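Coordinate inspection notes
Each chain is listed here by its residues.
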There are 2 protein chains.
Amino acid sequence: MARPGGRSARVQEAVHTAVRDLSAEVGRDALTVPLIAARAEVTPSTIYRRWGDLQALLSDVAVEHLRPEAPPEDRGDLESDLQAWAEQFLDEMASPAGRAYIRDALLGDPDGSNAGRCSAYAAEQVDVILTRATDRGEPGPNVETVLDHVVAPMMYRILFRPGGHDSAYARQLVSGVLDAGRGDRQG
Amino acid sequence: MARPGGRSARVQEAVHTAVRDLSAEVGRDALTVPLIAARAEVTPSTIYRRWGDLQALLSDVAVEHLRPEAPPEDRGDLESDLQAWAEQFLDEMASPAGRAYIRDALLGDPDGSNAGRCSAYAAEQVDVILTRATDRGEPGPNVETVLDHVVAPMMYRILFRPGGHDSAYARQLVSGVLDAGRGDRQG
């Protein structure tokens, strides 16, 4: 709809920054569309037109927070790469800030597109790791298998179960999926 | 806090029924605490005192909807029992009503206790199936393995990914966890 870098991108940047700054200053629960609009120097109707409502805006901002900032670290082999990534993912997502973002991302998202962006970010990171392994000649699972058996169990625990969000759990899931691949190739 | 079957239980029943009936009559988005209180013949402050706010009440009602009504069907062997249960679980949870309940359950639930009830229901059903298998002398995985590798991937798809919510997917997850157990015993 809008040219990247044009007015649309500037509005998005200003509004996202206003949400982040105001969240830190007055707290999440005190945010309103007029308050955000004033800080971002846009009209409230600009926000309503573009995002629909406050919850949808917060969902969009949350997904931006969940976007990885860099490709996963290259530690030289598949198991180390995947374990380091899974441990960091669990650590970030299970933190109070991570939980709040996941919650916001899911909430103001009636068509599921923001939630879809979250899982696409995870899939992209996993794909980088698996492609590196393939380039090294290491056999490994496919992206779907890692989403189903490493990412999904971590997110299910974070959302639905108390406790058990430690590195040992992340490593166990990764070992499980790699062992299963060695015994019974899945990807 | 209150005796079962006493005033507290009657209030809960009346308020839950009011939410269900009004949701059908006027739609979810038109619900307000005063409207629900009037229908349930309680005061709004009774609702605020007990549930906190509308979202917390809707979360409680949603979890009640997600409570299984009967133990899983006994089809005579572990694989059939688990596949039938997983197919039905995915079918119900991925339906528009199921998604709305999961969403409500997660939302008005700052301490995670309602989400915890949802996963406890799934764990109880799986436990019934696995206990039956043990009684028949069939080896099988443990409850945690089924939660991680059958329930979690289904919920992750429902919440974060478009599509792929068909019976074949549920059956594939069940076969995967049983095959893994046969090759490399997990529970």
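Residues numbered from 1 in each chain as written. Chains lettered and ligands numbered in written order. Predicted model: local features only at pLDDT ≥ 70, side-chain atom pairs only at ≥ 80, totals over all residues. Heavy atoms only, no water.

1. Some remarks on the interface of chain B and chain A
- Listed as interface residues are 27 residues of chain B and, on the opposing side, 27 residues of chain A.
- For Glu144 of chain B, the salt bridge identified is with Arg157 of chain A, shortest N-O distance 3.0 Å.
- Inspection of the chain B/chain A interface yields 13 residue pairs in polar contact (both at pLDDT 80 or more).
- Mapped by element, the contributors of at least two residues to the side of chain B that touches chain A are helix H6 (96-107), helix H7 (113-136), helix H8 (143-160) and helix H9 (167-183) of chain B.
- Among the elements that make up the side of chain B that touches chain A, the one with the highest residue count is H8 of chain B (12 residues).
- Taken together, the residues that form the side of chain B that touches chain A break down as 17 nonpolar, 4 polar and 6 charged. (Contact = heavy atoms within 4.5 Å. Salt bridge = Lys/Arg side-chain N within 4 Å of Asp/Glu carboxyl O. Polar contact = N/O pair within 3.5 Å; in protein donor to acceptor, adjacent residues only side chain to side chain. Helix = DSSP H or I, 4+ residues; strand = E, 2+ residues; numbered from the N terminus. Nonpolar A, V, L, I, M, F, W, Y, C, P; charged D, E, K, R; others polar.)

2. Some remarks on a positive patch on the surface
Residue and element names in this part refer to chain A.
- A surface patch of like charges, here positive, comprises Arg7, Arg10, Arg49 and Arg50.
- Of all the elements in the fold, those that place two or more residues in the positive patch are helix H1 (7-26) and helix H3 (44-51).
- Mapped onto the fold, Arg49 is located in helix H3.
- A residue is classified by how much of its surface remains accessible, and Arg49, at 65% relative accessible area, is exposed. (Patch = residues over 30% accessible without salt bridge, like charges linked within 9 Å, V, L, I, M, F, W, Y side chains within 5 Å. Areas by Shrake-Rupley, 256 points an atom, 1.4 Å probe, with all protein chains shown as cover. Lys, Arg positive; Asp, Glu negative; His and termini not counted. Charge placed at Lys NZ, Arg CZ, Asp CG, Glu CD. Buried < 20%, exposed > 50% of the residue type's maximum accessible area, 1.4 Å probe, protein only.)

3. Description of the domain arrangement of chain A
- Per the domain assignment, the segments making up chain A are domain 1 (7-52) and domain 2 (70-183).
- Relative placement of domain 1 of chain A and domain 2 of chain A: their C-alpha centres are 31 Å apart. (Domains from an automatic or database assignment.)

4. Quick word on helix H5 (residues 78-94) of chain A
Residue and element names in this part refer to chain A.
- With 17 residues, H5 should reach 24 Å at 1.5 Å per residue; the first-to-last C-alpha distance of 24 Å fits that figure.
- Listed in full, the buried residues belonging to H5 are Leu78, Asp81, Leu82, Gln83, Ala84, Trp85, Ala86, Phe89, Leu90, Met93 and Ala94.
- The distance from a side-chain oxygen at the start of H5 to the backbone nitrogen of Glu79 is 3.2 Å, and the residue carrying that oxygen is Asp77. (Expected span 1.5 Å × (residues − 1).)

5. Some remarks on the relation of the copies chain B and chain A
- Mapping chain B onto chain A calls for a screw motion: a turn of 180° about the axis and a shift of 0.0 Å along it, with 0.1 Å RMSD after fitting. Taken together, the rotation and translation describe the operation of a two-fold axis.
- Comparing interface residues between copies, 100% of those in chain B also lie at the interface in chain A; the contact surface is shared. (Least-squares fit on C-alpha atoms with pLDDT ≥ 70 in both.)

6. A look at unusual backbone geometry
- At Glu41 of chain A, a residue that is not glycine, the phi angle is positive and equals roughly 60°.
- By the secondary structure assignment, Glu41 of chain A is in the loop between helix H2 (33-40) and H3.

7. A closer look at the environment of Thr46 of chain A
All names here are of chain A.
- The residue Thr46 is located in helix H3 in this model.
- It is 10.0 Å that separates the C-alpha atoms of Thr46 and Val15, two residues lying 31 residues apart in sequence.
- With sequence-adjacent residues up to four places away left out, Thr46 is seen in contact with Arg7 and Val11.
- Polar contacts involving the side chain of Thr46 include one to the side chain of Thr43, which spans 2.8 Å.

8. Examining the side chain of Gln125 of chain A
All names here are of chain A.
- In this fold, Gln125 is placed in helix H7 (residues 113-136).
- For Gln125, a relative accessible area of 12% puts it in the buried group.
- Discounting residues that sit within four places of it in the chain, Gln125 has contacts with Pro68, Ala70, Pro71, Pro72 and Trp85.

9. Quick look at the packing of aromatic side chains
- The tally for this structure, following the rule as stated, stands at 4 aromatic pairs over all chains.
- Each ring, one from Tyr156 of chain A and one from Phe160 of chain A, has its centre 5.1 Å from the other, and the planes form 35°; the classification is tilted. Here the residue Tyr156 of chain A and the residue Phe160 of chain A both occupy positions in helix H8 (residues 143-160), the gap between them amounting to 4 residues, near one helical turn.
- The lysine or arginine in question, Arg157 of chain A, covers the ring of Tyr169 of chain A, its NZ or CZ lying 3.9 Å from the ring centre.
- Across the ring face of Trp51 of chain B, the terminal group of Arg50 of chain B is positioned such that the distance to the ring centre comes to 5.0 Å. (Phe/Tyr/Trp six-rings, centres within 6.5 Å; stacked < 30°, edge-to-face > 60°. Lys NZ or Arg CZ within 6 Å of the ring centre and 35° of its normal.)

10. What about the UniProt feature "domain: HTH tetR-type" (unreviewed entry) in chain A?
- Here, the residues flagged by UniProt with the feature "domain: HTH tetR-type" (unreviewed entry) are residues 9-69 of chain A.
- From the first C-alpha to the last, residues 9-69 of chain A spans 19 Å; its make-up is 77% helix and 0% strand. (UniProt positions renumbered as here; feature names shortened; annotations may be inferred.)

11. Details of the nonpolar core
- Core analysis: the largest hydrophobic core is formed by 84 residues, its most contacted members being Phe160 of chain A together with Phe160 of chain B.
- Setting aside residues no more than four positions away along its own chain, Phe160 of chain A makes contact with Ile102, Leu106, Ala115, Gly116, Cys118, Ser119, Met155 and Leu159 of chain B. (Core = buried A, V, L, I, M, F, W, Y, C linked by side-chain atoms within 4.5 Å.)

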